[in-house]
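The primary structure of each chain is shown beneath.
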Amino acid sequence: MLPETPGVYQFFDKTGSLIYIGKAKNLKRRVSSYFAKKLTGKTRVMTGRITDIRHIVVETESEALLLENSLIKKHQPRYNVLMKDDKTYPWICVKNEPFPRVYMTRNVIYDGSVYYGPYTSVVMVRTLLDLIRKLYRLRTCSYNLSEKKISEGHYKVCLEYHIGNCKGACTGKEKEEDYNLSIAQIIEILKGNIFIVTSHLKGLMERYSGEMKFEKAQAIKEKLEIIEKYRGRSTVVNPRIKDVDVFGYTEDGEKAYVNFLKVIRGAVVQSHTIELIRRMEESKEEVISLAITELRQIHESEAKEVLLSLRPDVQHDSIKYTVPVKGDKLRLVELAERNAIHYRLNKKKRLAGHKPANKTRKHLENLKKDLRLSELPVHIECFDNSNIQGTSPVAACVVFRNGRPVRREYRHYNIKSVTGPDDFASMEEVVFRRYRRLVDEDEPLPQLIIIDGGKGQLGSAVKSLESLSLEKRITVIGIAKKLEEIYFPGDSVPLYIDKNSMSLKIIQQLRNEAHRFSINFHRDQRSRKMVNSVLDEIPGIGVKTKKILLRHFGSVEKIKGSAGSELIEVVGLSKAAKIIDFFNIIS
């Protein structure tokens, strides 16, 4: 029996897997709604799988929201909203150690160090670190600067000290209290509280001026100018808007995008957008509730006011939720919504650019440009010859369409009109046979032919195309292996394409595929001849028996090494006796 109190409910299926987590102001009423009304779509499918229900009671609805969010992140149930975020965003770490270092990292380690972020822009992180290094002379070494090691003189100052980037804390030249004062100011900057730092520096500058320490006062003044220059880069709306969190919302089908802006003293100091995928019929209000909870936890925000365009379904008592209708607060909400929309459009554009079809077209357009072709080479064919000292000469043709191999259209050829090792004549024969057939059968011709070889093989291919009157309808090139030179008909000067370009990689892929296909066919031909020449010499062994033998043993060598009893079992006593006698097999 479920209580009529706030809490979190969990649905499990018959395998014991957690499939859904939800929050409720009234657990009994909320869970009952899944079974008391007519449901549609994914909700109906989910409820049909529920075999067990568990619940956790909490004090308030806002506590239920926080617990729901942490449980969803931990278990990631199948039917809950999926929060998609880049876990490799950079953070700025203030290390938990004596004389803390301040640096960028993508790995959050729970060792007591303090992390600020995540930042969606590495440029922003570097800008902040650059500002910090201009203002404060911090150490960058990874030494253990314990009081004992410093007093015992374990370390010596490095180049950073000599060029003025560090004060030499490793040798006791800087007190830890002074260093920690700088760290405290850095933390305020990272929190966005630049006003606190500038107030302290202005007071210090006035004190130094009053004490006639003008050089120190000038150094403080330069720091203030650096801070003001940095502040000038921030989006400033209204200094009277103190400390608020702003959320912008947009959606596209099942995907929702929420942008978070951190505003301190009217200046936007941080921005972060997350994507949420709705797996059930969650409302906008439910999605924005989850997003607000998640983003405020990530950024450890304690702002007492939240600006947004729609009210969440659960509101924390300690937070003021404002839906502005005019003024600077409305401008901030509109800015957050524009950021969310920009993120959505940018992601869609990136995904479109990564689609294989789009990438392939771009590569083919580059190939067209590099080879100065008149049309896009969506259909490319490549030829290669293969023979060993003139024996079993063969050739192969491979076909690529839209940058991908179409293996069902590959063709291999036994050379018929050429005797001996004559690559030029073999290429002429194969190209002629291939395109005479395409012309006779009225098949589409390729936009590009690639010949594996230099000027000689290319010339032979062109001769065949000319005899078919195709030389002006198809572009043909040759690629010489040694320097990857590209040859065009009638031009003795080769073209050199950038070794790292996709154009050359496409040509090489075709050349290598043709070579592989040709070599494999040549190897098969030689093996077949070798098998035929040996087994054909055995009297009384016909084609059918040869097939049975090769199917069972796999090769002539294994037939020679087999036992007589195995041969009798495979082909019978009479034929086995002939094979045993021929190969002198010991039975």
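Everything in this summary refers to the structure shown in the same document. Model, not experiment: these values are computed from the prediction.

## Description of the sheet that holds strand S6 (residues 102-105)
Part 1 of the argument: Here 3 strands make up an open sheet; going across it, the order is S6-S5-S7 and the pairing antiparallel. Strand pairing shows two members of the sheet lacking a second neighbour, S6 and strand S7 (114-116), which therefore form its edges. Direction aside, neighbouring strands of the sheet carry axes that sit 30° apart on average.
Part 2 of the argument: Judged from the 4 bridges that link them, strand S5 (residues 91-94) and S6 form a sheet pairing that is antiparallel. By the bridge assignment, Cys-93 is partnered in S6 with Tyr-103.
Part 3 of the argument: Relative to S6, helix H4 (residues 122-135) is tilted by about 170°, and along the sheet it contacts S5 and S6.

## Topic: helix H14 (residues 455-467)
Part 1 of the argument: In this model H14 runs 18 Å from its N-terminal to its C-terminal C-alpha over 13 residues, within 8% of the 18 Å that 1.5 Å per residue would give.
Part 2 of the argument: Inspection of H14 places Gln-457, Leu-458, Ser-460, Ala-461, Val-462, Ser-464 and Leu-465 among the buried residues, and these make up the whole buried set.
Part 3 of the argument: Looking at the buried positions of H14, the neighbouring elements they touch are helix H13 (423-440), strand S18 (448-452), strand S19 (475-480) and strand S20 (485-487).
Part 4 of the argument: In the stretch just after H14, Ser-469 is the one whose phi turns positive, near 60°.

## Section: the packing of H13 against H14
Part 1 of the argument: The geometry of H13 relative to H14 is characterised by a closest axis approach of 8 Å and an angle of 35° between their N-to-C directions. Between H13 and H14 the crossing geometry is right-handed. Between H13 and H14, the residues in contact are Asp-423, Phe-424, Met-427, Glu-428, Val-431, Phe-432 and Tyr-435 and Gly-456, Gln-457, Ser-460, Ala-461, Lys-463, Ser-464, Leu-465 and Ser-467, respectively.
Part 2 of the argument: Looking at the contact of H13 with H14, its residues break down into 7 nonpolar, 5 polar and 3 charged.

## As for the nonpolar core
Part 1 of the argument: Core analysis: the largest hydrophobic core is formed by 32 residues, its most contacted members being Val-102 and Leu-190.
Part 2 of the argument: Setting aside chain neighbours within four positions, we find Val-102 in contact with Ile-92, Cys-93, Val-94, Leu-129, Ile-132, Arg-133, Leu-138, Ile-183 and Ile-186.
Part 3 of the argument: Judged by nonpolar contacts, the second largest core, of 28 residues, contains Ile-21, Ala-64, Val-258 and Ile-319.

## Side note on the state of the cysteines
Here is the idea: a disulfide is a covalent bond, and it sits between the sulfur atoms of two cysteines.
Part 1 of the argument: The final tally for this structure, using the stated rule, is 0 disulfides.
Part 2 of the argument: As a non-bridged cysteine, Cys-93 has Cys-141 as the owner of its nearest cysteine sulfur, 15 Å distant.
Part 3 of the argument: On the basis of relative accessible area, Cys-93 is assigned to the buried category, the value being 0%.
Part 4 of the argument: Free of any disulfide, Cys-382 has its nearest neighbouring cysteine sulfur in Cys-397, separated by 8.0 Å.

## Examining unusual backbone geometry
Part 1 of the argument: At Met-212, a residue that is not glycine, the phi angle is positive and equals roughly 65°.
Part 2 of the argument: With respect to the helices, strands and loops of the structure, Met-212 is situated in the loop between helix H8 (194-210) and helix H9 (214-231).

## Observations regarding the sheet that holds strand S2 (residues 18-24)
Part 1 of the argument: Strand order in the open sheet formed by 3 strands is S2-S1-S3, and the pairing between neighbours is antiparallel. A strand with exactly one partner marks an edge of an open sheet, and here the two such strands are S2 and strand S3 (52-57). Going across the sheet, the axis of each strand differs from the next one's by a mean of 20°, ignoring polarity.
Part 2 of the argument: Of the pairings in the sheet, the one linking strand S1 (residues 7-12) to S2 comprises 6 bridges and is antiparallel in character. Note that in S2 the partner of Tyr-9 across the bridge is Gly-22.
Part 3 of the argument: Helix-sheet contacts for helix H1 (residues 27-36) involve S1, S2 and S3, and the interaxial angle to S1 is about 30°.
Part 4 of the argument: Against the sheet, helix H3 (residues 61-75) contacts S1, S2 and S3, and its axis sits at roughly 165° relative to S2.

Parameters at a glance
Residues numbered from 1 in each chain as written. Predicted model: local features only at pLDDT ≥ 70, side-chain atom pairs only at ≥ 80, totals over all residues. Heavy atoms only, no water. Pairing = 2+ DSSP bridges. Helix = DSSP H or I, 4+ residues; strand = E, 2+ residues; numbered from the N terminus. Axes fitted to C-alpha atoms, helices over the stretch in contact; angles between N-to-C directions. Contact = heavy atoms within 4.5 Å. Expected span 1.5 Å × (residues − 1). Buried < 20%, exposed > 50% of the residue type's maximum accessible area, 1.4 Å probe, protein only. Left-handed = near helix turned anticlockwise from the far one by under 90°. Nonpolar A, V, L, I, M, F, W, Y, C, P; charged D, E, K, R; others polar. Core = buried A, V, L, I, M, F, W, Y, C linked by side-chain atoms within 4.5 Å. Disulfide = S-S within 2.5 Å.

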